[in-house]
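Reading the structure
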Amino acid sequence: MDVRRVESISAQLEEAGSTGDTVEDEMEMATVRHRPEALELLEAQSKFTKKELQILYRGFKNECPSGVVNEDTFKEIYSQFFPQGDSTTYAHFLFNAFDTDHNGSVSFEDFVMGLSILLRGTVQEKLNWAFNLYDINKDGYITKEEMLDIMKAIYDMMGKCTYPVLKEDAPRQHVETFFQKMDKNKDGVVTIDEFIESCQKDENIMRSMQLFENVI
């Protein structure tokens, strides 16, 4: 979802305080094929209240009546927010970041835990999540090729509507600069410690992470 989508969700959550629990809410949680964990458990694990979780669940169920979303559906939903570009590849990477148990589907629990970090997590939590996104093969390191794959996917998704218009080699130039700064010991990979330290110390890199946040 893009930043407008996140702001919309935030606004809905703010309104949650004025709504009461209903029998319908509790019944809805039990009628889908994939029954989510108890609200109390999700409330304890995330940074959302029970009322906020009920609102999130209604929205999730509207998009995914079965209670889980597969990658094709995820890509279809995500493409609606970036009609000016091709979001297919980025949506693939984002789906894998949400699919924490790597079973090929994103459940309501997966969605809530990811959104909890992206909306209300600390800087450290957000950077950990971002590292997981860039670490495509989940081996604990980011290679230059992985960073380039993500960056190309972001540029493809943003389309030709960016101003000023980006050159075709912009993603590679971007990655060359940042990777050189992040790979402190010059061993050809970026560890999570190198990634977090670089992002926290370099304002340019952190601003680039803001681009990342805007395309979640």
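Conventions adopted
Residues numbered from 1 in each chain as written. Predicted model: local features only at pLDDT ≥ 70, side-chain atom pairs only at ≥ 80, totals over all residues. Heavy atoms only, no water. UniProt positions renumbered as here; feature names shortened; annotations may be inferred. Axes fitted to C-alpha atoms, helices over the stretch in contact; angles between N-to-C directions. Helix = DSSP H or I, 4+ residues; strand = E, 2+ residues; numbered from the N terminus. Parallel < 35°, antiparallel > 145°, perpendicular 65-115°, else oblique. Left-handed = near helix turned anticlockwise from the far one by under 90°. Contact = heavy atoms within 4.5 Å. Nonpolar A, V, L, I, M, F, W, Y, C, P; charged D, E, K, R; others polar. 1 Å grid on protein atoms, 1.4 Å probe; cavity = no way out; pocket = protein on both sides within 12 Å on 5 of 7 lines; lining within 4 Å. Points joined across faces, edges and corners; volume = space filled by probe spheres on them. Core = buried A, V, L, I, M, F, W, Y, C linked by side-chain atoms within 4.5 Å. Buried < 20%, exposed > 50% of the residue type's maximum accessible area, 1.4 Å probe, protein only. Lys, Arg positive; Asp, Glu negative; His and termini not counted. Salt bridge = Lys/Arg side-chain N within 4 Å of Asp/Glu carboxyl O. Polar contact = N/O pair within 3.5 Å; in protein donor to acceptor, adjacent residues only side chain to side chain. Expected span 1.5 Å × (residues − 1).

Labelled according to an unreviewed UniProt entry, the protein appears under the name Kv channel-interacting protein 4, originating from Apteryx mantelli. Looking at the Sequence similarities (unreviewed entry) heading of the UniProt record, one finds this comment for the protein: "Belongs to the recoverin family."

**Focus: the packing of helix α7 (residues 108–120) against helix α8 (residues 123–134)**
Where α7 contacts α8, the axes come no closer than 8 Å and their chain directions differ by 125°. With respect to α8, the element α7 is oriented oblique. Relative to α8, α7 is oriented so that their crossing is left-handed. Across the interface between the two elements, G114, I117 and L118 from α7 touch E125, K126 and W129 from α8. Of the residues belonging to the contact of α7 with α8, the class tally is 3 nonpolar, 1 polar and 2 charged.

**So, empty space enclosed by the protein**
If you walk through the whole model with that rule in mind, you get 2 cavities of 30 Å³ or more. Volume-wise, the second largest cavity comes out at about 30 Å³. Taken together, F93, N96, N132, L133, I136 and K138 form the lining of the second largest cavity.

**Let's talk about the nonpolar core**
Y90, L94, F98, F108, F111, Y134 and F195 are the most contacted members of the largest nonpolar core, which totals 53 residues. Sorting elements by how many residues they give to this core places helix α9 (residues 144–158) first, with 8 residues.

**Some points on the side chain of E194**
Locating E194 in the fold gives a position in helix α11 (residues 192–201). Here E194 is buried and forms no salt bridge, its nearest opposite-charge partner K184 lying at an N-O distance of 7.8 Å. Side-chain polar atoms of E194 contact the backbone nitrogen of T191, separated by 3.0 Å. Ignoring anything within four residues of it in the chain, the contact list for E194 reads M182, D183, K184, N185 and V189.

**Side note on the pattern of salt bridges**
Oppositely charged side chains are able to pair whenever their charged atoms sit close together. Counting across every chain of the model gives 7 salt bridges. K47 is the partner of E125 in a salt bridge, and the nearest nitrogen-oxygen pair spans 3.7 Å. Linking E125 in helix α8 with K47 in the loop between α3 (39–45) and α4 (50–63), this pair joins segments that are 78 residues apart in sequence. Exposure remark for E125: the relative accessible area of 29% places this residue in the partly exposed category. Of the residues examined, K47 reaches a relative accessible area of 36% and is grouped as partly exposed. Across the pair K201 and E197 runs a salt bridge whose closest N-O atoms are separated by 3.0 Å. Of this pair, K201 and E197 both sit in helix α11, separated by 4 residues, roughly a single helical turn. Judged by its relative accessible area of 63%, K201 is exposed.

**A look at α9**
Taking 1.5 Å per residue, 15 residues should reach 21 Å; α9 reaches 21 Å between its end C-alpha atoms and fits that length. E146, M147, L148, I150, M151, A153, I154, Y155 and M157 are the residues of α9 that are buried. One or two positions beyond α9, positive phi appears at G159, with a value near 75°.

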